Amino acid sequence: MTHQYGGRRVTRILACSDIHNNVKAVQQLRAREANDFDAVIVAGDIGSEKTGEIFEVFQTFDCPVLYVFGNWDRRLGYRESFGERCHHIHLSPYPVGDLSIVGETIDGLDPDWDGVDRGDDPGAIAAARQLHFDRQRAKLSAIVAAHRPERAIVVSHYRLTRTQTFLPGVPLCLFGHIHRFEDVTYRGQRFVNVSALDKKVMVEKKGQRATPGDYRYLNDGSYVVITHTEREGFVVEPRRFDPEFSGWERIDGIFHSSATEVE
């Protein structure tokens, strides 16, 4: 569903990460955004408990949902299906408009890693892990090289490093994990942290002395909208939920898991 504006071909992508099983945050995102994207990208930390519900919401965008796993997703299977529109893009490029989007999930989850005889020796375990890591990077490098690197977007949960060596020519890398928006260009390659959709902020009623049992939270989640045109390249717009704090006062530096969300 590549868009046309004034005769220009425009590809629109919604990208997010770090959902942490927060179905309501995904519902809030869906309520904020219209159904006019060519793809949704999730850069890991979906959560191993509410995955089905989360992908049900994402699929209402009526476009491909492309994802990699993160450290919250250890119980999810590489080949597990979450819906016909959902695609795990680990070493599996997916075309969106004239772009190719491919991902990397390396966190001890790959079935190839599970088959490695690691034994009990810490040194052997470290060596096996490094060997697996190197093999996966070599596969990713070969895949990107075969799919026009200048048209590729590479998605991972952790920020990739040494990309000039194994991903030369790739213009855009998306990642999460750090829970804050970043947009940095380094040696001609752009690295965008698509931020955390689940970002709970503790609050208490203004003017009242509260105890931990009175604490509530607001979700100040964030994500990005990416547009691509031949002329302008990639334009990245960060967006935030920006909840209404009137009547509430932020409590920084703590979070109580028993707190409930302000309606």
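Reading the values: rules and limits
Residues numbered from 1 in each chain as written. Predicted model: local features only at pLDDT ≥ 70, side-chain atom pairs only at ≥ 80, totals over all residues. Heavy atoms only, no water. Helix = DSSP H or I, 4+ residues; strand = E, 2+ residues; numbered from the N terminus. Buried < 20%, exposed > 50% of the residue type's maximum accessible area, 1.4 Å probe, protein only. Disulfide = S-S within 2.5 Å. Arc of directions from axis to C-beta. Polar contact = N/O pair within 3.5 Å; in protein donor to acceptor, adjacent residues only side chain to side chain. Pairing = 2+ DSSP bridges. Axes fitted to C-alpha atoms, helices over the stretch in contact; angles between N-to-C directions. Contact = heavy atoms within 4.5 Å. Phe/Tyr/Trp six-rings, centres within 6.5 Å; stacked < 30°, edge-to-face > 60°. Lys NZ or Arg CZ within 6 Å of the ring centre and 35° of its normal.

Enquirer: Mind laying out unusual backbone geometry, listing which residues take part and the relevant values?
Expert: Positioned with a positive phi, Asn 21 is a non-glycine residue whose angle comes to about 70 degrees. Counting through the fold element by element, Asn 21 comes out in the loop between strand S2 (8-16) and helix H1 (23-32). Taking relative accessible area as the criterion, Asn 21 reaches 15% and is therefore assigned buried. Backbone geometry at Arg 148 places phi at a positive 55 degrees, although glycine is not the residue there. Mapping Arg 148 onto the fold places it in the loop between helix H4 (122-145) and strand S8 (152-156). Judged by relative accessible area, which is 48%, Arg 148 ranks as partly exposed.

Enquirer: Mind laying out the state of the cysteines, listing which residues take part and the relevant values?
Expert: What is meant by a disulfide is a covalent connection between two cysteines, made through their sulfur atoms. Evaluated as defined, the whole model comprises 0 disulfides. In this structure Cys 173 is not part of a disulfide, and its nearest cysteine sulfur, from Cys 16, lies 18 Å away.

Enquirer: Run through H1, naming residues and quoting values.
Expert: If you check which residues of H1 are buried, you get Val 23, Ala 25, Val 26 and Leu 29. On an axial view of H1, the arc spanned by its buried residues comes to 160 degrees, and they lie on one face. Of the residues that open H1, the one with a side-chain oxygen 3.3 Å from the backbone nitrogen of Lys 24 is Asn 22.

Enquirer: Tell me about the sheet that holds strand S11 (residues 189-193), residues and numbers included.
Expert: Within a sheet, neighbouring strands are paired by backbone hydrogen bonds and run either parallel or antiparallel to one another. Judged by pairing direction, the sheet is mixed, and its 6 strands sit side by side in the order S6-S7-S8-S9-S11-S10 without closing on themselves. What marks the edges here is a single partner per strand, and that holds for strand S6 (94-96) and strand S10 (182-186). Neighbour-to-neighbour, the strand axes of this sheet turn through a mean angle of 25 degrees, independent of strand direction. Where S6 meets strand S7 (residues 99-104), 3 bridges bridge the pair, whose relative direction is antiparallel. Looking at S7, one finds that Val 96 is bridged to Leu 99. Of the strands in this sheet, S7 and S8 are in contact with H4, which crosses S7 at around 175 degrees.

Enquirer: Run through the packing of aromatic side chains, naming residues and quoting values.
Expert: Inspection of every chain in the model, using the stated rule, returns 9 aromatic pairs. With a centroid separation of 5.9 Å and 80 degrees between ring planes, the pair formed by Phe 37 and Phe 61 is classed as edge-to-face. Taken together, the positions of Phe 37 in the loop between H1 and strand S3 (39-43) and Phe 61 in the loop between helix H2 (51-58) and strand S4 (65-68) put the pair 24 residues apart, joining distant regions of the chain. Of the two residues, Phe 37 and Phe 61, neither departs from the other in class, the shared state being buried. Summarising the aromatic geometry, the rings of Tyr 67 and Phe 69 are spaced 5.5 Å apart at their centres and angled 45 degrees between planes, so their arrangement reads as tilted. Each of the two residues, Tyr 67 as well as Phe 69, counts as buried. Here the aromatic cluster, defined as three or more aromatic residues joined through ring pairs, consists of Phe 55, Phe 58, Tyr 67, Phe 69, Tyr 78 and Phe 82. When the ring centre of Phe 191 is taken as reference, the NZ or CZ atom of Arg 159 above it lies at 4.2 Å.

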